[in-house]
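Close look at the chain arrangement
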Amino acid sequence: ANVKHGKTSQEYQDALGYFRQFLKTFSKFLDESTTSWLLSSYGHIDELIHYASMIGDHDTVVQNLIQRDRAEEAISWLRKPSVPSNLWYKASPKLFLLEPHATVDAWIIADKMLDPTKLLPSLLKSPSGNGRAGGGG
């Protein structure tokens, strides 16, 4: 369907609802990489995040949220029990740069689930006011 109005129009919202229902109904028949590529290449990132969450692709969800500066949402996603802890280590450097306080709070809440020594690189890559962190001068 060709939607002639902006994203806030009822026509667009209806089409989006139908599309999301299509993804939900037929996700088991869709090739995951092709579907993700199509959504991404056409700039439908919210639909990509929605699709990735439906199929349990935690990495795609978290990385796309981080790329769009939606750190709080990424942290909320990482807190889910079904998300493997190794994703914390992958996402933490960028999360720490975006939302340092929220990231550290999340680390503290995660407590024994995370290995602090694996989180140290996140702190070292951080820009610092004193110029010492991240190998800076």
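Source: prediction; values computed, not measured. (Residues numbered from 1 in each chain as written. Predicted model: local features only at pLDDT ≥ 70, side-chain atom pairs only at ≥ 80, totals over all residues. Heavy atoms only, no water.)

Further remarks concern the overall build of the protein. Scanning the protein for helices and strands turns up 8 helices and 0 strands. Order of helices (α) and strands (β) in the protein, N terminus to C terminus: α-α-α-α-α-α-α-α. Counting only contacts in the protein whose residues sit at least 6 apart along the sequence, the fraction spanning at least 24 positions is 46%. Just so you have it, the protein exposes about 8,800 Å², and 55% of that area is on carbon and sulfur atoms. (Helix = DSSP H or I, 4+ residues; strand = E, 2+ residues; numbered from the N terminus. Contact = heavy atoms within 4.5 Å. Areas by Shrake-Rupley, 256 points an atom, 1.4 Å probe, with all protein chains shown as cover.)

There is a patch of nonpolar side chains on the surface, built from Phe19, Phe22, Phe26 and Phe29 and spanning about 400 Å² of accessible area. Tracing the backbone through its elements, the reader meets Phe29 in the loop between α1 (10-26) and α2 (32-41). Given the relative accessible area of 62%, Phe29 is considered exposed. (Patch = residues over 30% accessible without salt bridge, like charges linked within 9 Å, V, L, I, M, F, W, Y side chains within 5 Å. Salt bridge = Lys/Arg side-chain N within 4 Å of Asp/Glu carboxyl O. Buried < 20%, exposed > 50% of the residue type's maximum accessible area, 1.4 Å probe, protein only.)

Turning our eyes to something else, we now look at unusual backbone geometry. Its identity is not glycine, yet Asp69 carries a phi of approximately 60 degrees, on the positive side. Along the chain, the position of Asp69 falls in the loop between α4 (58-67) and α5 (71-78).

A word on the side chain of Ser36. With respect to the element layout, Ser36 can be found in helix α2. Here Ser36 falls in the buried class, since its relative accessible area comes to 16%. Apart from the residues lying within four places of it in its own chain, the contact partners of Ser36 are Leu48 and Tyr51.

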